[in-house]
Amino acid sequence: MRTIIYTDEILEEALNLGRKYLHEGAVADYIPELAKVNANKVAISVIEDGNLKSIGDSKVRFSIQSIVKVILYSLAMKNYKVAELKKYVGVRPSAKPFNSVIELELSEKRIPVNPFINAGAIIIVAILYNVYREKTFDVILEKTSEFLGEEVDYSREIAQSEKESSFTNRTLIYLMLAKGLLPSDTKVEEVLDTYFKACSILVNTENLAHMSYVISNDGIDLEGKEIITPREARVLRSLMATCGTYDYSGDFAIRVGLPAKSGVGGGIVTASKNKTGLAVYAPRLDKHGNSYSGVRMLEFLSNELDLSIY
Ligand code: GLN
């Protein structure tokens, strides 16, 4: 039997540290609906030895946002080899903010540098739309529920708010159309709507700990069901390590040392190779779009428990 490393005391200390930083950073307000969240929430959920353990506001639901990009790429890998996908989206770290237009303009062959920035995720949705057509969002929601260990739904309000404030995402998709990266008959509205709905799926840290467990356990969930293959899990962990916190990924590697994916809803899901799960939540973000308290809580846990893979 492995010794429990996530003791109540350690989790409590981490949460207290997270609370101390709650006033730092700012909630995302470029999507007006996200500005309405209660910014004082903070939570940690872990899965260890098959048991879920949480502290703080672990039942509070928030939008998954960019964390869903991991799931979108996993669905793309079910249909295409990574080598094929690389004609449309790279696997290179980004050096600019997650919605940067200039990075797309300047990238090699003008393809999005990776699937975890907005341009990259939007093109992945366009690729999925070609496969699943009007069923695309249902397929995404079903796969997301599998990753999260629970049937989930999306927030109509947040999806609508994303749509109404989607100026930059529209710029990105039109630029990809202009460059011929997407065919001219691409169903722009359908693709964007699907992307907005996917980002608006509601989750809590317990769900994200389950997702973390699946990716950390080579694709097998708590019930023993294969959600993704071991190779797909390895690709996701690699991309999370190099691209998961955008242009902060180098800093994150030094501070925390775990593959991870953040979202502007305030969640961070990590991955390891330890058959454990670890996820955090706190809505205020640093300037890169990563949960401010969340990063600090993970840094604390990583230092205390020697979690860094590097
Ligand atoms: N829905 C958000 C957007 O399109 C996702 C961004 C994020 O979480 N980094 O901007």
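Just so you know, these numbers come straight off a predicted model, no measurement behind them.

Rules of the game
- Residues numbered from 1 in each chain as written.
- Predicted model: local features only at pLDDT ≥ 70, side-chain atom pairs only at ≥ 80, totals over all residues.
- Heavy atoms only, no water.
- Near = heavy atom within 4 Å.
- Polar contact = N/O pair within 3.5 Å; in protein donor to acceptor, adjacent residues only side chain to side chain.
- Areas by Shrake-Rupley, 256 points an atom, 1.4 Å probe, with all protein chains shown as cover.
- Axes fitted to C-alpha atoms, helices over the stretch in contact; angles between N-to-C directions.
- Helix = DSSP H or I, 4+ residues; strand = E, 2+ residues; numbered from the N terminus.
- Parallel < 35°, antiparallel > 145°, perpendicular 65-115°, else oblique.
- Left-handed = near helix turned anticlockwise from the far one by under 90°.
- Contact = heavy atoms within 4.5 Å.
- Nonpolar A, V, L, I, M, F, W, Y, C, P; charged D, E, K, R; others polar.
- Salt bridge = Lys/Arg side-chain N within 4 Å of Asp/Glu carboxyl O.
- Buried < 20%, exposed > 50% of the residue type's maximum accessible area, 1.4 Å probe, protein only.
- Pairing = 2+ DSSP bridges.
- Core = buried A, V, L, I, M, F, W, Y, C linked by side-chain atoms within 4.5 Å.

Q: Can you help me understand the site of the ligand in this one?
A: Close contacts around the ligand come from 13 residues, with Tyr30, Gln65, Ser66, Tyr195 and Tyr246 the closest. Within the side chain of Glu162, an N or O atom sits 2.8 Å from a nitrogen atom of the ligand. One of the backbone nitrogen or oxygen atoms of Val264 is found 2.9 Å away from an oxygen atom of the ligand. For the ligand, whose free accessible area comes to 300 Å², the fraction covered by protein is 99%.

Q: When you look at the packing of helix α2 (residues 68–79) against helix α5 (residues 118–132) in this model, what are you seeing that I'm missing?
A: The angle between the axes and the distance between the axes are what describe a pair of packed helices. In the contact formed by α2 and α5, the axes pass within 10 Å of each other and the chain directions differ by 40°. When the axes of α2 and α5 are compared, the pair comes out oblique. Note on packing geometry: the crossing formed by α2 with α5 is left-handed. Along the contact surface, α2 presents Lys69, Leu72, Tyr73, Leu75, Ala76 and Asn79, while α5 presents Asn118, Ala121, Ile124, Val125, Leu128, Val131 and Tyr132. Considering only residue class, the contact of α2 with α5 consists of ten nonpolar, two polar and one charged.

Q: Mind showing me how you'd approach the pattern of salt bridges here?
A: Where charged atoms of side chains with opposite charge meet at close range, the side chains can pair. Evaluation of the coordinates by the stated rule reveals 13 salt bridges. Among the salt bridges present, the one from Asp218 reaches Arg237, with a minimum N-O distance of 3.1 Å. Of this pair, Asp218 sits in the loop between α10 (205–216) and α11 (230–243) while Arg237 sits in helix α11; the two residues are 19 residues apart in sequence, bridging distant segments of the chain. Looking at Asp218, the relative accessible area reads 31%, which means it is partly exposed. When its relative accessible area of 8% is taken as the criterion, Arg237 is described as buried.

Q: Can you walk me through the sheet that holds strand β6 (residues 267–270) in this structure?
A: Across a sheet, paired strands are connected by hydrogen bonds in the backbone, their directions being either parallel or antiparallel. Strand order in the open sheet formed by five strands is β2-β1-β7-β6-β5, and the pairing between neighbours is antiparallel. The open sheet has two edge strands with one neighbour each: β2 (51–56) and β5 (260–262). Shown here is a sheet whose adjacent strand axes are inclined to one another by a mean of 10°, direction ignored. Against the sheet, helix α1 (residues 8–20) makes contact with β1 (43–48) and β2, and its axis sits at roughly 35° relative to β2, the strand it touches most.

Q: Just checking my understanding: could you explain the nonpolar core for this structure?
A: General note: in soluble globular proteins, nonpolar side chains tend to be found buried as a group. Core analysis: the largest hydrophobic core is formed by 68 residues, its most contacted members being Tyr73, Ile124, Phe147, Ile201, Leu208 and Met211. With ten residues, α5 is the single largest residue contributor to this core. Look past the residues within four positions of Tyr73 in its chain and what remains in contact with it is Val82, Leu85, Val89, Val91, Pro115, Phe116, Ile124, Val235, Leu236 and Leu239. In terms of nonpolar packing, the next biggest core, distinct from the first, is built from 26 residues, Ala14, Val42, Ala260 and Val295 among them.

Q: What exactly am I supposed to notice about unusual backbone geometry here?
A: Note: most residues except glycine have negative phi, and most peptide bonds are trans. The residue Asp49 is not glycine, and still its phi comes out positive at about 50°. Classification of Asp49 by relative accessible area gives partly exposed; the value is 32%. In the Ramachandran plot, Tyr246 falls in the positive-phi region, its phi being about 60° despite a non-glycine side chain. With respect to the secondary-structure elements, Tyr246 resides in the loop between α11 and α12 (249–255).

Q: Got a minute to help me understand the environment of Tyr21 in this structure?
A: Here Tyr21 shows up in the loop between α1 and β1. Judged by relative accessible area, Tyr21 falls into the partly exposed class, the value being 25%. For the pair formed by Tyr21 and Ile227, sequence separation is 206 residues and the distance between their alpha carbons is 35 Å. The contact partners of Tyr21, leaving out residues within four places of it in the chain, are Tyr292, Ser293 and Arg296.

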